[in-house]
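# Structural overview for review
If you want the building blocks of each chain, they are given just below.
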Amino acid sequence: MEVFGLYNYWIVIVLMMTGFYVVISRGNLIKKIVGLNIFQTSMFILYISMGKVRGGTAPIIVEGLACPEGAVCYSNPLPHVLILTAIVVGVATTALGLALIVRIKEAYGTVEEDEIQSQEVET
Amino acid sequence: MIAAHLPALQIVLPLAAAPLCLLLRRGTLAWALALAASWAALVCAALLLRQVLISGPISYELGSWAAPWGIEYRVDAVNGFVLLIVAAVGAVILPYARTSVAHELPEEQHATFYTAFLLCLTGLLGVTITGDAFNLFVFLEISSLSSYVLIALGRDRRALTAAFQYLVMGTIGATFIVIGVGLLYMATGTLNMMDLAERLPPLAGNRTVLVAFAFLTVGTGLKLALFPLHFWLPNAYAYAPSVVTGFLAATATKVSVYVLLRFFFTVFGVGYSFEVLSVGKLLIPLAAIAILVCSTVAIFQNDVKRMLAYSSIAQIGYMIMGIGFATTTGLTAGILHLFNHAMMKGGLFLALGCVFLRVGSVRLEALHGLGKRMPLTMFSFVLGGLSLVGVPLTVGFISKWYLVQAALERDDWILAVVVLVGSLLALVYVWRVVEAAYFKPAPEGAAKVEEAPLSMLIPTWVLIGASIYFGIDTSLTVGVARQAAAQLIGGAS
């Protein structure tokens, strides 16, 4: 049962491969960005999973919450904070990617990769 | 007082100047501020390197939070040298940028251009100076996001698709790096590079560490355009504005090579990377293929900017080969070529920018007869080209000399031959440009072409001059590179 106990890591791998596949296989630029987002999300879940301590609560000091001897009662906040930074980076990347797509649409009149390429071959 | 905070100032000055540039709105003012910030960064980098060479590595605790919890900036001979390269190229290119940007970009985009340029400079300096693995990713994304913007500013509409392609590839690379860093954190519970270096050796057989190593290698490989991962580079360099191509070619890939060095030698340690995993057996063949294939592809390009972009991938091959040897001589060659290639390729792209300013194209047929019409520009291109080939008395010769020496130390004749064949191929593509510029007559009825303005010629000649000067007087560059190599091989200390 060990294998299924780590189910969140399985989700990470599935999401990562899905996102990666979408980026590589889709010719539509918007779909590529969506794939990139799924790919990045898998990395967020990886970080969030590694900070979680089973039975641990949010790392806020509460009076009256006594930890049993030798036990950990707080989750590790550091990976969660790190991933906030990574989420901001992800949002910025998505925004920039979409902005580029708008400009590409203005310049070529399409957001399909193969149509853009065929236009380039003609000129 | 100020001297103690130099490592922070190195980053804060260009970072703070970037939004101010945007607020100033006027192109000229923004340019002046960017120029001041980049020169200040150069002064910081020079002082830092001097301090490191005299009194050993500097550790700076950002906000006085003690490492390994706080973010540590750490400067030693390796990244002190890379900091100087990046800051120097930035400081030389900005005076050039004014005329070139005024010519290539519409007036309202000038302030934005300098903002993005400074952010890119900040990011590259930050990646180099930081001693924290996650902080490295953040700076890497600052430099990457701003370089996507800079590339997309190119006038050709293909600049947009090139920037988009680079965005997708770059984001995948950066995400791989974060996954690698995350896995390292899972295995060790720390993000500080020095701390990682101490905690990783007992974990040599750990699979999480192995997977982290793989993710970091591939992610960095994407960023530095290691041979099969280089597809974003030619288009990005070919269609970006001239200034941007010059700046990125001279700095961005170099910084990624430094990241690779840092992870292989400091974080994982030379024993783990090269003896347990023997990553050299992977890097050296890829480097050799990069040198041969990309130099050959460069010969068949008719767009000179694109030709030089392919040549860049081949030149990165030389650096990676030196790193792959994992000997002091090999590393010296790799680090030396980092500096040398920055000077010559930066100079060459700036010379092309001068051509673009006057002729409006950098295709081979547009260069016909330019040897007489723009003598200074074309002569600087020839000197830079000779350096690419590796003719004695140029920097290209020095780094290839050390690289061949490193190959012969291992009795590896084949690789020594690969380096020499790479030089011959470089001679062929450089000759194509020389032939077009000096031996083909100018087309009938061509418009009269003036020499480029001094504001652009001087920066070009500074870089080209450096690539000749450091080819003759090698004491500074070889000395620093050798010290850096010894430090990396010797481990974390």
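Details of the structure are given in the entry above.
This text gives an overview of the structure that appears in the document. (Residues numbered from 1 in each chain as written. Chains lettered and ligands numbered in written order. Predicted model: local features only at pLDDT ≥ 70, side-chain atom pairs only at ≥ 80, totals over all residues. Heavy atoms only, no water.)

### Examining the overall build of chain B
- Assigned secondary structure in chain B consists of 20 helices and two strands.
- The burial tally for chain B puts 65% of its 493 residues in the buried class.
- Sequence-distant contacts, at least 24 apart, represent 79% of the contacts inside chain B between residues at least 6 apart.
- For chain B, the exposed surface amounts to about 16,700 Å²; the carbon and sulfur share of it is 68%. (Helix = DSSP H or I, 4+ residues; strand = E, 2+ residues; numbered from the N terminus. Buried < 20%, exposed > 50% of the residue type's maximum accessible area, 1.4 Å probe, protein only. Contact = heavy atoms within 4.5 Å. Areas by Shrake-Rupley, 256 points an atom, 1.4 Å probe, with all protein chains shown as cover.)

### A look at the nonpolar core
All names here are of chain B.
- If you look at the biggest cluster of nonpolar residues, it comprises 225 residues, and the most contacted ones within it are Phe113, Tyr114, Phe134, Phe268 and Met321.
- The biggest single contributor to this core is helix H14 (residues 328-359), with 18 residues.
- Setting aside residues up to four positions removed in sequence, Tyr114 forms contacts with Cys21, Gly27, Ala30, Trp31, Ala34, Leu94, Ala97, Arg98 and Val101. (Core = buried A, V, L, I, M, F, W, Y, C linked by side-chain atoms within 4.5 Å.)

### A short note on the pattern of salt bridges
- Scanning the model with the defined rule gives nine salt bridges over all chains in all.
- As a salt-bridge pair, Glu120 of chain A and Arg158 of chain B come within 3.6 Å of each other at their nearest N and O atoms. Of the two residues, Glu120 of chain A sits in helix H5 (residues 113-122) while Arg158 of chain B sits in helix H6 (residues 158-188), which places them in two different chains.
- A residue is classified by how much of its surface remains accessible, and Arg158 of chain B, at 30% relative accessible area, is partly exposed.
- The partner of Glu365 of chain B in a salt bridge is Arg363 of chain B, with the nearest N and O atoms 3.2 Å apart. (Salt bridge = Lys/Arg side-chain N within 4 Å of Asp/Glu carboxyl O.)

### A short note on the packing of aromatic side chains
Residues and elements named next belong to chain B.
- Within this structure, the stated rule accounts for 24 aromatic pairs over all chains.
- Aromatic side chains Tyr166 and Trp232 sit 4.2 Å apart centroid to centroid with 10 degrees between the ring planes, which places their arrangement in the stacked category. One end of the pair, Tyr166, is in helix H6; the other, Trp232, is in the loop between helix H8 (207-224) and helix H9 (233-239), and 66 residues separate them in sequence. With respect to burial, Tyr166 and Trp232 carry one shared label: buried.
- Measuring from ring centre to ring centre gives 4.8 Å for Phe213 and Phe268, while their planes differ by 80 degrees; the resulting arrangement is edge-to-face. Within this pair, whereas Phe213 is found in helix H8, its partner Phe268 is found in the loop between helix H10 (242-267) and helix H11 (270-276), the two being separated by 55 residues in sequence.
- Exposure remark for Phe268: the relative accessible area of 6% places this residue in the buried category.
- Grouped by ring-pair contacts, the aromatic residues Phe213, Phe264, Phe265, Phe268, Tyr272 and Phe274 constitute a single cluster. (Phe/Tyr/Trp six-rings, centres within 6.5 Å; stacked < 30°, edge-to-face > 60°.)

### Some details on the interface of chain A and chain B
- Tallying the contact residues gives 35 residues for chain A and 28 residues for chain B.
- A combined buried area of about 2,900 Å² lies between chain A and chain B, and 82% of that area is made up of carbon and sulfur atoms.
- On inspection of chain A and its partner chain B, the count reaches two salt bridges.
- Here Glu120 of chain A ties to Arg157 of chain B by a salt bridge, and the two come within 3.6 Å at their closest N and O atoms.
- Applying the counting rule to chain A against chain B returns five residue pairs in polar contact (both at pLDDT 80 or more).
- Listing elements by their share of the side of chain A that touches chain B, those giving two or more residues are helix H2 (7-25), helix H3 (29-51), helix H4 (77-108) and H5 of chain A.
- Broken down by element, the residue count for the side of chain A that touches chain B peaks at 16 residues, all from H4 of chain A.
- Considering only residue class, the side of chain A that touches chain B consists of 25 nonpolar, seven polar and three charged. (Buried area = accessible area lost by both parts, 1.4 Å probe. Polar contact = N/O pair within 3.5 Å; in protein donor to acceptor, adjacent residues only side chain to side chain. Nonpolar A, V, L, I, M, F, W, Y, C, P; charged D, E, K, R; others polar.)

### Looking at the packing of helix H3 (residues 77-104) of chain B against helix H4 (residues 110-129) of chain B
All names here are of chain B.
- Axis separation between H3 and H4 bottoms out at 10 Å; the angle between their running directions is 170 degrees. With respect to H4, the axis of H3 lies roughly antiparallel. The residues of H4 that touch H3, namely those facing Asn79, Val82, Leu83, Val86, Ala87, Gly90, Ile93, Leu94, Ala97, Arg98, Val101 and Ala102, are His110, Phe113, Tyr114, Phe117, Leu121, Leu124, Leu125, Thr128 and Ile129.
- Looking at the contact of H3 with H4 residue by residue, the classes come out as 16 nonpolar, four polar and one charged. (Axes fitted to C-alpha atoms, helices over the stretch in contact; angles between N-to-C directions. Parallel < 35°, antiparallel > 145°, perpendicular 65-115°, else oblique.)

### Digging into the packing of H4 of chain B against H10 of chain B
All names here are of chain B.
- Contact geometry of H4 with H10 gives a least axis separation of 9 Å together with a crossing angle of 20 degrees. With respect to H10, the axis of H4 lies roughly parallel. Considering how the two elements wind past one another, H4 and H10 form a crossing that is left-handed. Taken together, the residues of H10 that come into contact with H4 (itself represented by Phe113, Phe117, Cys120, Leu121, Leu124, Val127 and Thr128) are Val243, Val244, Phe247, Leu248, Thr251, Ala252, Val255, Tyr258 and Val259.
- For the contact of H4 with H10, the per-class residue count stands at 14 nonpolar, two polar and no charged. (Left-handed = near helix turned anticlockwise from the far one by under 90°.)

### What about unusual backbone geometry?
- In this model, Ala225 of chain B sits at a positive phi of 60 degrees, which is unusual for a non-glycine residue.
- As for its position among the elements, Ala225 of chain B is in the loop between H8 and H9.

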